[in-house]
Amino acid sequence: MAEDTTETTETTEENGALADALAAEHAAVWGYGVVGAALPAGQRQPVVAAENAHRDVRDQLAALLTERGEDPAGPEGGYALPFPVLSAVDAANLAVTVEDGVVSAWVRVLGRATERTTRELAMGALGGAEVRAVSWRAAAGQTTTTRALPGLTAQ
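Residues numbered from 1 in each chain as written. Predicted model: local features only at pLDDT ≥ 70, side-chain atom pairs only at ≥ 80, totals over all residues. Heavy atoms only, no water.

Q: Is there a simple way to think about the packing of helix α3 (residues 88–112) against helix α4 (residues 116–139) in this case?
A: Two measures define how a pair of helices packs: the angle their axes make with one another and the distance between the axes. One can describe the packing of α3 onto α4 by two numbers: an axis separation of 8 Å at closest approach and a directional angle of 160°. When the interaxial angle is binned, α3 and α4 end up roughly antiparallel. The way α3 lies across α4 gives a crossing that is left-handed. Of the residues that constitute the contact of α3 with α4, the class distribution is 18 nonpolar, one polar and six charged. (Axes fitted to C-alpha atoms, helices over the stretch in contact; angles between N-to-C directions. Helix = DSSP H or I, 4+ residues; strand = E, 2+ residues; numbered from the N terminus. Parallel < 35°, antiparallel > 145°, perpendicular 65-115°, else oblique. Left-handed = near helix turned anticlockwise from the far one by under 90°. Nonpolar A, V, L, I, M, F, W, Y, C, P; charged D, E, K, R; others polar.)

Next up, the structure:
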């Protein structure tokens, strides 16, 4: 019986982490709307690609949580920006912030994942977000574009 309780707790923790990742994906989709609005039309292709990637992952997550008997939350009506987005550099920095938030959420999923398919989903989403973040860091003029351990903070 203790095994059943442990398994239920682990599944609950995994589903909670997936729900948090879903919230991060919702925020990313919204954030890329702001990023795109701050860029000239000719520079929006990476924004469209990133937004579509986040939509795909978001939809996968919502379906997975529904399949597991969870009620996936929808997006919020709006999100607070961490800083004003008044230029292309600001837009690139916002994209970095969005991707870093998604990466952190997926790292938490990895820490709670009990199923191989969950870990595979998390690694794919985390890797995609970090690759996009590297491009946006370069566009923002950041001197360090890569992270040794994406999603983990130095302590």
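Q: Would you mind showing me how to read the layout of surface pockets here?
A: To find leftover empty space, one rolls a probe the size of a water molecule over the atoms. Roughly 190 Å³ of volume is contained in the largest pocket. Lining the largest pocket are 14 residues; nearest its centre among them are Ala 27, Ala 28, Leu 94, Thr 97 and Val 98. Looking at the lining of the largest pocket, the elements with two or more residues in it are α1 (2–37) and α3. Partitioning the lining of the largest pocket into residue classes produces 11 nonpolar, three polar and no charged. (1 Å grid on protein atoms, 1.4 Å probe; cavity = no way out; pocket = protein on both sides within 12 Å on 5 of 7 lines; lining within 4 Å. Points joined across faces, edges and corners; volume = space filled by probe spheres on them.)

Q: Would you take a moment to explain α4 for this structure?
A: Along an α-helix, residues three or four apart share an orientation, since each turn contains 3.6 residues. With 24 residues, α4 extends 35 Å from end C-alpha to end C-alpha; this agrees with the ideal 34 Å at 1.5 Å per step. Among the residues of α4, those classed as buried are Thr 118, Leu 121, Ala 122, Ala 125, Leu 126, Ala 129, Glu 130, Arg 132, Ala 133, Trp 136 and Arg 137. Gly 141 occupies a position one or two residues after α4 and carries a positive phi of about 80°. (Expected span 1.5 Å × (residues − 1). Buried < 20%, exposed > 50% of the residue type's maximum accessible area, 1.4 Å probe, protein only.)

Q: Honestly, the packing of aromatic side chains in this entry has me stumped. Any pointers?
A: Remark: the centre distance and the inter-plane angle together describe each pair of aromatic rings, the angle taken between the planes. Within the structure shown, the criterion is met by two aromatic pairs. Pairing Trp 30 with Tyr 79 gives two aromatic rings, centres 5.5 Å apart and planes at 50°, and the pair type is tilted. One end of the pair, Trp 30, is in helix α1; the other, Tyr 79, is in the loop between α2 (45–67) and α3, with 49 residues separating them in the sequence. A residue is classified by how much of its surface remains accessible, and Trp 30, at 30% relative accessible area, is partly exposed. (Phe/Tyr/Trp six-rings, centres within 6.5 Å; stacked < 30°, edge-to-face > 60°.)

This is a description of form; function is not addressed.
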